[in-house]
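Below are the chains, spelled out letter by letter.
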Amino acid sequence: MLLIRTYVAQSAIEGVGVFAAEPIKKGASIWRLNPDFDRLIPMQKYEAAPPHLRELLDRYAYPSPDKPGFMVYEVDNGRFMNHSERPNTDFSQYGGATATRDIAADEEITCDYGEFFEDFARLHLAAAEG
């Protein structure tokens, strides 16, 4: 769950992204796993879901780093956070994230998907080559 005020708008990275609604200081906590807002979906339910729901989860969910067999789906604006090779957040400590530098109001908030999705680099490279 995002711990900061945000909004969703068009992104120069891809489609839409999540943007800071106010300045964020370096080191500020910006996200924390909250089971009330971050849904853990069993892989069996994902696999049994109709195609349109699997497509949604393929785009906006990710494998749970600490609960094998589950996907995490964020119901707030966090699901719109785009990947960056030089993100302005740090998700390397599972369960939370911080700002790695000051983030201006109206700046897109980004993360490195590889910090919480260990196969992301391999899948990202395969998609780029294909």
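Residues numbered from 1 in each chain as written. Predicted model: local features only at pLDDT ≥ 70, side-chain atom pairs only at ≥ 80, totals over all residues. Heavy atoms only, no water.

- Looking up the chain in an unreviewed UniProt entry gives the name SET domain-containing protein-lysine N-methyltransferase, with the organism given as Mesorhizobium montanum.

So, the sheet that holds strand E8 (residues 89-90)
Phase 1: Taken in spatial order, the three strands make up an open sheet running E3-E9-E8, and their pairing is antiparallel. Looking at the sheet topology across the chains shown, the edges are occupied by strand E3 (29-32) and E8.
Phase 2: Across three bridges, E3 lies against strand E9 (residues 96-99) in antiparallel orientation. Within E9, the position partnered with Arg32 by the bridge is Gly96. (Pairing = 2+ DSSP bridges. Helix = DSSP H or I, 4+ residues; strand = E, 2+ residues; numbered from the N terminus.)

Comments concerning the pattern of salt bridges
Phase 1: Under the criterion given, the structure shown has three salt bridges.
Phase 2: The partner of Glu22 in a salt bridge is Arg5, with the nearest N and O atoms 3.0 Å apart. Linking Glu22 in the loop between strand E2 (16-20) and E3 with Arg5 in the segment before strand E1 (6-10), this pair joins segments that are 17 residues apart in sequence.
Phase 3: On the accessibility criterion, Arg5 (53% relative accessible area) is exposed.
Phase 4: Between Glu107 and Arg101 there is a salt bridge, and its shortest N-O distance comes to 2.5 Å.
Phase 5: On the basis of relative accessibility, which here comes to 37%, the residue Arg101 falls in the partly exposed class. (Salt bridge = Lys/Arg side-chain N within 4 Å of Asp/Glu carboxyl O. Buried < 20%, exposed > 50% of the residue type's maximum accessible area, 1.4 Å probe, protein only.)

Section: the sheet that holds strand E6 (residues 70-74)
Phase 1: Taken in spatial order, the three strands of this open sheet run E4-E6-E5, and their pairing is antiparallel. This sheet does not close on itself; its edge strands, each paired only once, are strand E4 (38-42) and strand E5 (61-63). In this sheet, adjacent strand axes meet at a mean angle of 30° when their direction is disregarded.
Phase 2: Alignment of E4 against E6, held across five bridges, turns out to be antiparallel. Across the sheet, Ile41 pairs through a bridge with Met71, a residue of E6. (Axes fitted to C-alpha atoms, helices over the stretch in contact; angles between N-to-C directions.)

Quick notes on the nonpolar core
Phase 1: Ile24, Ile30, Trp31, Met81, Phe91 and Ile109 are the most contacted members of the largest nonpolar core, which has 18 residues in total.
Phase 2: Residue assignment for this core shows that the elements contributing at least two residues are E2, E3 and E9.
Phase 3: In this view, Ile24 contacts Ile4, Ile30, Ala99, Arg101, Asp102, Ile103 and Ile109; residues no more than four positions away in its chain are not counted.
Phase 4: One finds Tyr46, Leu57, Ala61 and Tyr73 within the second-largest nonpolar core, a separate group that totals six residues. (Core = buried A, V, L, I, M, F, W, Y, C linked by side-chain atoms within 4.5 Å. Contact = heavy atoms within 4.5 Å.)

Side note on the side chain of Asp76
Phase 1: Following the sequence through the fold, Asp76 ends up in the loop between E6 and strand E7 (82-83).
Phase 2: Although Asp76 is buried, it makes no salt bridge; Arg79 carries the closest opposite charge, 6.1 Å away.
Phase 3: For Asp76, the side chain forms a polar contact with the main-chain nitrogen of Leu2, separated by 2.7 Å.
Phase 4: Among the polar contacts listed, one links the side chain of Asp76 to the backbone nitrogen of Gly78, at a separation of 3.0 Å. (Lys, Arg positive; Asp, Glu negative; His and termini not counted. Polar contact = N/O pair within 3.5 Å; in protein donor to acceptor, adjacent residues only side chain to side chain.)

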